[in-house]
Amino acid sequence: MYPPHLVAPMKDDLLSVGFEDLSTAEKVDEAMDNAEGTMLVVVNSVCGCAAGAARPGVKAALNLSGIKPDKLVTVFAGVDFEATARMREYLLPYPPSSPAIGIFKDGELVHFIERHHIEGRSAQMIAQHLEMAFEEFCEKA
């Protein structure tokens with residue numbers, strides 16, 4: 001497990017833009033039980049591609065897109081073990097991947113970006129990908 005002081009800034013990176021931290025399996029189940037509309041899920045991580053592409057790309061997409069998911073939630077792989085394991089059950093059939101980004105619509109996984117689609121790509125590319133996914137799956141406000 002990573003020390004809390006080490007991961008706090010990485011968690012805060014998403015929490016500061018409105019993400020809810022699902023730190024327990026119970027919180028994950030509660031979020032999924034109440035998953036009406038669209039929900040963006042970020043499986044956060046300490047790795048470089050999370051810091052350099054995933055988190056900045058997610059934040060840019062949310063900032064730039066006129067269409068956004070109704071709810072923003074995150075689990076932290078390597079920190080919140082039970083929460084991450086439970087979220088990964090909802091992300092099946094995709095294998096465990098972190099970082100990763102999913103979009104649920106009315107409780108159904110409709111879009112998923114695995115780590116290998118994040119690695120080697122810029123934050124701008126991730127943002128553009130997410131903006132297109134928001135347009136496809138999220139309702140206009």
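Residues numbered from 1 in each chain as written. Predicted model: local features only at pLDDT ≥ 70, side-chain atom pairs only at ≥ 80, totals over all residues. Heavy atoms only, no water.

### Concerning the nonpolar core
Logical step 1: Residues Phe19, Leu40, Val58, Ile101, Ile118, Leu130 and Phe134 are the most contacted members of the largest nonpolar core, which totals 25 residues.
Logical step 2: Those elements giving two or more residues to this core turn out to be β2 (38-44), α3 (48-64), β4 (100-105) and α5 (123-137).
Logical step 3: The leading source of residues in this core is α3, at seven residues.
Logical step 4: Sequence-distant contacts of Phe134, defined by excluding residues within four places in its chain, comprise Leu40, Ala61, Leu62, Ser65, Ile67, Lys68, Pro69 and Ile103.
Logical step 5: Core analysis: the second largest hydrophobic core is formed by 18 residues, Val28, Met39, Ala83 and Phe112 among them. (Core = buried A, V, L, I, M, F, W, Y, C linked by side-chain atoms within 4.5 Å. Buried < 20%, exposed > 50% of the residue type's maximum accessible area, 1.4 Å probe, protein only. Helix = DSSP H or I, 4+ residues; strand = E, 2+ residues; numbered from the N terminus. Contact = heavy atoms within 4.5 Å.)

### Concerning the pattern of salt bridges
Logical step 1: Within this structure, the stated rule accounts for nine salt bridges.
Logical step 2: Taking the shortest distance from any N to any O, the salt bridge between Asp13 and Arg55 comes out at 3.1 Å. Residue Asp13 is found in helix α1 (residues 4-15), and its partner Arg55 is found in helix α3; the two are separated by 42 residues along the sequence.
Logical step 3: Notably, a salt bridge pairs Lys105 with Glu139, separated by 3.3 Å at the nearest N-O pair. Taken together, the positions of Lys105 in strand β4 and Glu139 in the segment after α5 put the pair 34 residues apart, joining distant regions of the chain.
Logical step 4: Where salt bridges share partners, they join Lys11, Asp21 and Asp80 into one cluster. (Salt bridge = Lys/Arg side-chain N within 4 Å of Asp/Glu carboxyl O.)

### Examining unusual backbone geometry
Logical step 1: Put simply, Leu92 and Pro93 share a cis peptide bond, and its omega is 20°.
Logical step 2: Within the secondary structure layout, Pro93 lies in the loop between α4 (81-90) and β4.
Logical step 3: Cis geometry marks the peptide bond from Ser98 to Pro99; its omega dihedral reads 0°.
Logical step 4: Within the secondary structure, Pro99 sits in the loop between α4 and β4.
Logical step 5: Although it is not a glycine, Asp106 sits at a positive phi angle of roughly 50°.
Logical step 6: Along the chain, Asp106 falls in the loop between β4 and β5 (108-113).

### Some thoughts on the sheet that holds strand β1 (residues 20-21)
To summarise the sheet geometry, strands pair through backbone hydrogen bonds and adopt either a parallel or an antiparallel arrangement.
Logical step 1: Read from one edge to the other, the open sheet built from five strands follows the order β1-β3-β2-β4-β5, with strand pairing classed as mixed. One side of each edge strand has no neighbouring strand; the edge strands of this open sheet are β1 and β5.
Logical step 2: Where β2 meets strand β3 (residues 71-76), six bridges bridge the pair, whose relative direction is parallel. In the sheet register, Asn44 faces β3, and the bridge partner there is Phe76. (Pairing = 2+ DSSP bridges.)

### Some thoughts on the side chain of Ser45
Logical step 1: Looking at the secondary structure, you find Ser45 in the loop between β2 and α3.
Logical step 2: From its side chain, Ser45 meets the backbone nitrogen of Cys47 in a polar contact 3.2 Å long.
Logical step 3: Sequence-distant contacts of Ser45, defined by excluding residues within four places in its chain, comprise Met10, Ala50, Arg55, Phe76, Ser98 and Pro99. (Polar contact = N/O pair within 3.5 Å; in protein donor to acceptor, adjacent residues only side chain to side chain.)

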